[in-house]
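Topology and contacts: notes
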Amino acid sequence: MRSSMTILFILFNLLSYFTWSVAKKMKDEDFSEFDDFDEDEFVVESPSSPSASQLPSKMQSKKPEVVNTDYSFQSPSSKSADIKVNDEVTIDDEDEDDDLMFDEEEFETSDGYSSSSPTTSTIPDLKITEIPASLTGNHWEAYHCEAIMLLLLLSYLINFLLGRSKNARLADIVYRSQRDLLERNFCLVGDNGQTRTTQSADDSTINDSTTNKMQKESESLYILWCSGRTAIESMLMEVRLAKRQCLFNSLAAMIKSSNDMLIYTADYSKEDMETFVFCLAKKHCAAKLHRDMNDLSQFCSERKTADKRGLNNGNYQILSEIGEVSSAIIDNRVVDFIEKYPDVLEYIHISDQYTGMKIQNDTQQTSPNTANTTSNAGSAAPQQDALNTSERSVRHVLIIAFNLVARNSRSLEITTETVCSDYLRFVLQLIDRVNSFRFTLKESKNKAIKNRQRIEEQFLKNVYQQRQEQAQQRREEKRRAEKEKIMQSDDPERQRKWEEKEHKREMKRRQPKMKQMKVKAM
Amino acid sequence: MDNRRQARIHRFRPALITQIDDALPDYMNLMGMIFSMCSLMLKIKWCAWIAIFAALVGFANSRTTDDAKQVLSSFMLSISAVVVTYMQNPAPMTIPFMQ
């Protein structure tokens with residue numbers, strides 16, 4: 001689709017170029033009628049006779065008339081003689097002649113024009129003045145702005161093609177370096193959710209190890225869905241690359257650096273995971289997550305700097321709901337990984353109350369997470385549905401984000417190829433660790449239950465308030481419609497009755513609600 | 001130890017992709033349409049060129065799930081704006097603040 005669109009774009013460019021050249025040719029042909037005249041036919045008069053030069057064509061058309069009038073000039077005597085001959089007819093032809101003749105003083109002509117002979121070659125010569133090339137606009141050099149624009153377009157297009165191919169290559173490297181480990185751990189590797197049967201269940205397709213099963217979501221986002229493993233329901237691997245295909249993003253990246261990221265999101269079922277919210281993240285990332293993520297802002301009150309062994313440099317911060325979890329999750333393996341690959345681990349986010357980011361919370365309130373839906377494509381339900389459900393749809397997730405950075409002065413591609421399988425191994429170990437972890441202290445469990453009850457109550461209160469507002473709005477609209485109907489009915493009696501009813505309703509609403517106490521008579 | 005379990009297979013749902021607010025393709029489409037209209041109505045050449053840029057940036061940043069017809073129509077509108085503007089006035093473009 002992308003390649004066909006690129007080809008279409010190039011074709012349109014060619015079409016526009018041809019159209020423009022045709023338009024230019026047509027414009028050139030506009031002046032072609034003047035090309036065939038010889039210079040000898042026209043003689044341009046000196047500046048002293050401006051009227052002659054101004055009216056060369058007019059003179060040309062008037063020339064036969066001039067000749068005629070010359071004849072009439074020359075033989076007025078003969079004419080008058082003729083007239084005189086007819087004594088009875090005394091027609092004064094002077095006026096008539098005056099109408100036909102040019103007044104000699106009106107036009108200043110050269111002697112050539114007043115001559116009677118039509119055969120003499122006294123046609124004035126027309127000299128076509130040379131107009132500077134820059135004013136005609138037909139010269140290529142005048143179009144320097146257009147050339148710059150075309151160059152910019154071409155450079156953007158070239159950058160798009162190069163960036164797209166580099167991103168595709170990186171995604172391919174990530175997939176190939178992890179393919180074996182993924183296929184050893186998951187039954188289903190790669191699924192778009194739209195085919196009737198999964199690729200693993202389809203016996204007819206040959207399991208070709210060279211086919212890339214990653215899905216391209218955009219030029220900078222590739223995803224891979226894995227499922228069919230103990231401990232988790234599914235794992236989504238997202239390769240979020242820098243937008244190399246867009247020239248403006250690449251230029252912006254020089255000012256504000258953006259990394260290529262590898263994000264693993266593992267979904268657990270309710271029984272597979274303990275109830276806690278925890279996050280280990282880099283400093284700048286921790287602040288952002290604490291602000292934007294619903295669950296982290298609701299359950300984790302403060303951010304602490306990670307002081308454990310290996311995390312002493314203060315790069316990382318911890319957001320934890322239950323104190324016991326930090327020491328259980330950040331074990332030796334995590335510390336060793338961070339020591340081996342510094343600056344690679346961006347964040348680890350573990351939550352049984354995951355509802356996404358704050359801004360998108362309304363659109364993500366879908367029906368409770370049903371894991372086995374095959375028909376539902378997962379489109380976001382409107383806010384109305386959220387209000388109608390009295391349950392918060394939460395996910396139990398483990399999200400780990402890695403930065404793909406070049407190490408040891410090697411290229412990014414070579415580094416990615418060598419370390420990606422280590423990242424996946426770390427993820428799988430953490431998945432098993434989270435699955436096997438259970439609270440040792442009873443207080444932790446009680447605290448978790450209390451927190452969740454508090455948040456649930458808040459949520460229900462919000463839903464109830466919103467429902468009340470909606471009901472109020474509906475009542476107002478109904479009343480307004482009723483009022484309009486009554487006003488339009490032109491029945492004064494009905495109007496009066498309705499107004500009385502409204503007035504009573506208002507009075508009742510304004511009265512303070514008093515509780516009635518029944519006193520038993522002794 | 002083989003951790004694979006056939007019974008625990010779940011199908012992919014697009015809603016599970018981490019949503020990131022990226023409205024750039026939509027803004028670029030809108031910008032392309034506005035500049036195309038400006039160039040056609042007001043006969044301004046540089047508007048038409050910017051419309052082509054906007055359409056190209058919108059195309060480069062668009063998602064696969066986006067409707068391709070919208071991107072294509074944005075392109076066609078901007079190219080027709082350039083062609084029509086130059087046919088009406090084939091003179092070279094002049095940028096206002098650089099005169």
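It should be emphasised that the depicted structure is a prediction, and the values quoted were computed from it without experimental measurement. (Residues numbered from 1 in each chain as written. Chains lettered and ligands numbered in written order. Predicted model: local features only at pLDDT ≥ 70, side-chain atom pairs only at ≥ 80, totals over all residues. Heavy atoms only, no water.)

**Details of the overall build of chain A**
Along its length, chain A carries 17 helices and 10 strands. Long-range contacts, defined here as pairs at least 24 residues apart, represent 75% of the contacts in chain A between residues at least 6 apart. Surface summary for chain A: the accessible area is close to 32,700 Å², and the carbon and sulfur share equals 53%. (Helix = DSSP H or I, 4+ residues; strand = E, 2+ residues; numbered from the N terminus. Contact = heavy atoms within 4.5 Å. Areas by Shrake-Rupley, 256 points an atom, 1.4 Å probe, with all protein chains shown as cover.)

**Things to note about the overall build of chain B**
For chain B, the helix and strand inventory stands at 3 helices and 0 strands. In sequence order, chain B lays out its α and β elements as α-α-α. In chain B, buried positions account for 41% of the 99 residues. Long-range pairs, those at least 24 residues apart, make up 69% of the contacts in chain B between residues at least 6 apart in sequence. By element, 65% of the accessible surface of chain B is carried by carbon and sulfur atoms, the whole surface being about 5,200 Å². (Buried < 20%, exposed > 50% of the residue type's maximum accessible area, 1.4 Å probe, protein only.)

**A closer look at the UniProt feature "transmembrane region" (unreviewed entry) in chain B**
Following the UniProt record, one finds the feature "transmembrane region" (unreviewed entry) at residues 34-59 and 71-88 of chain B. Annotated as 100% helix and 0% strand, the span residues 71-88 of chain B places its first and last C-alpha atoms 26 Å apart. (UniProt positions renumbered as here; feature names shortened; annotations may be inferred.)

**What about the packing of helix H13 (residues 332-340) of chain A against helix H15 (residues 412-436) of chain A?**
Residues and elements named next belong to chain A. The interhelical angle for the contact between H13 and H15, taken along N-to-C directions, is 160 degrees, at an axis separation of 11 Å. The angle between H13 and H15 places the two elements in the roughly antiparallel class. In terms of crossing hand, the pair formed by H13 and H15 is left-handed. Across the interface between the two elements, Arg333, Val334, Phe337 and Lys340 of H13 pack against Asp422, Tyr423, Phe426, Gln429, Leu430 and Arg433 of H15. Of the residues contributing to the contact of H13 with H15, the split by class is 5 nonpolar, 1 polar and 4 charged. (Axes fitted to C-alpha atoms, helices over the stretch in contact; angles between N-to-C directions. Parallel < 35°, antiparallel > 145°, perpendicular 65-115°, else oblique. Left-handed = near helix turned anticlockwise from the far one by under 90°. Nonpolar A, V, L, I, M, F, W, Y, C, P; charged D, E, K, R; others polar.)

**A word on the packing of aromatic side chains**
Applying the stated rule across the entire model yields 16 aromatic pairs over all chains. Geometrically, the ring pair formed by Phe337 of chain A and Tyr341 of chain A is tilted, given 5.2 Å between the ring centres and 50 degrees between the ring planes. A relative accessible area of 8% places Phe337 of chain A in the buried class. Residue Tyr341 of chain A is classed as buried on the basis of its relative accessible area of 3%. Put simply, the rings of Tyr264, Phe337, Tyr341, Phe402, Tyr423 and Phe426 of chain A pair up and form one aromatic cluster. Lys45 of chain B extends its terminal NZ or CZ atom over the ring of Tyr86 of chain B, reaching a point 5.3 Å from the ring centre. (Phe/Tyr/Trp six-rings, centres within 6.5 Å; stacked < 30°, edge-to-face > 60°. Lys NZ or Arg CZ within 6 Å of the ring centre and 35° of its normal.)

**What to know about the environment of Ile399 of chain A**
Residue and element names in this part refer to chain A. Relative to the elements of secondary structure, Ile399 occurs in strand S10 (residues 395-404). When the C-alpha positions of Ile399 and Ile431 are compared, they lie 9.8 Å apart, and in sequence the two are 32 residues distant. Non-local contacts of Ile399, meaning those with residues more than four positions away in its chain, are made with Ile263, Tyr264, Thr265, Tyr347, Ile348, His349 and Tyr354.

**Quick word on the pairing of S10 of chain A**
Of all 10 residues making up S10 of chain A, 10 are buried, and the element is well covered by its neighbours. Both faces of S10 of chain A are covered, namely the face carrying Arg395, Val397, Ile399, Ala401 and Asn403 of chain A and the face carrying His396, Leu398, Ile400, Phe402 and Leu404 of chain A.

**Focus: helix H3 (residues 68-88) of chain B**
In an α-helix, one turn spans 3.6 residues, which is why side chains three or four residues apart end up on the same side. The first and last C-alpha atoms of H3 of chain B sit 30 Å apart over 21 residues, in line with the 30 Å expected at 1.5 Å per residue. All of the buried residues in H3 of chain B are Val71, Ser74, Phe75, Ser78, Ile79, Ala81, Val82, Val83, Thr85 and Tyr86 of chain B. (Expected span 1.5 Å × (residues − 1).)

**As for unusual backbone geometry**
The phi dihedral of Asp343 of chain A falls on the positive side, at around 65 degrees, and the residue is not glycine. As for its placement among the helices and strands, Asp343 of chain A is situated in the loop between H13 and strand S9 (345-354). Residues other than glycine seldom take positive phi values, yet Lys43 of chain B does so here, at roughly 55 degrees. Within the secondary structure, Lys43 of chain B sits in the loop between helix H1 (24-42) and helix H2 (45-61). Of the residues examined, Lys43 of chain B reaches a relative accessible area of 54% and is grouped as exposed.

**Describing the pattern of salt bridges**
Residue and element names in this part refer to chain A. Enumeration according to the criterion identifies 27 salt bridges over all chains in this entry. Close ionic contact of Asp172 with Arg176 constitutes a salt bridge, the shortest N to O distance being 2.9 Å. Placement of the pair is Asp172 and Arg176 together in helix H8 (residues 144-185), with a separation of 4 residues, close to one helical turn. Via salt bridges that share partners, Glu321, Asp352 and Arg452 belong to a single interconnected network. (Salt bridge = Lys/Arg side-chain N within 4 Å of Asp/Glu carboxyl O.)

**As for the side chain of Ser36 of chain B**
Residues and elements named next belong to chain B. Checked against the element boundaries, Ser36 lands in helix H1. What makes Ser36 buried here is its relative accessible area of 0%. At a separation of 2.7 Å, a polar atom in the side chain of Ser36 contacts the main-chain carbonyl oxygen of Gly32. In contact with Ser36, other than residues within four places in its own chain, are Ala51, Leu77, Ser78 and Ala81. (Polar contact = N/O pair within 3.5 Å; in protein donor to acceptor, adjacent residues only side chain to side chain.)

**What to know about the interface of chain A and chain B**
Every contact between the two is made by 79 residues of chain A and, on the other side, 47 residues of chain B. Counting the surface lost from both chain A and chain B, the interface buries some 5,600 Å², and carbon and sulfur atoms represent 63% of this. Taken together, the links from chain A to chain B amount to 2 salt bridges. Note that Asp272 of chain A and Arg8 of chain B form a salt bridge whose closest N and O atoms lie 2.7 Å from each other. The interface formed by chain A and chain B holds 18 residue pairs in polar contact (both at pLDDT 80 or more) in total. Elements with a contribution of two residues or more to the side of chain A that touches chain B: helix H1 (2-30), H8, strand S2 (215-218), strand S3 (221-227), strand S4 (234-240) and helix H9 (247-255) of chain A. For the side of chain A that touches chain B, a count of residues per class yields 33 nonpolar, 30 polar and 16 charged. (Buried area = accessible area lost by both parts, 1.4 Å probe.)

**What about the confidence of the model for chain A?**
Put simply, chain A has an average pLDDT of 76, and 66% of its residues get 70 or more. In this model residues 201-206 of chain A is a low-confidence stretch, pLDDT under 50, and it forms 2 contacts with partners more than four residues away in sequence or in other chains. (pLDDT = per-residue confidence, 0-100.)

**Observations regarding the nonpolar core**
Among the nonpolar cores identified, the biggest contains 61 residues, and Met235, Leu262, Leu280, Leu345, Phe402 and Ile431 of chain A are the most heavily contacted of them. Those residues in contact with Phe402 of chain A, other than ones at most four positions away along the chain, are Asp260, Met261, Leu262, Tyr264, Phe337, Val344, Leu345, Glu346, Tyr423, Phe426 and Val427 of chain A. Counting residues in hydrophobic clusters, the runner-up holds 30 residues, among them Phe9 and Met149 of chain A together with Ala81 and Val82 of chain B. (Core = buried A, V, L, I, M, F, W, Y, C linked by side-chain atoms within 4.5 Å.)

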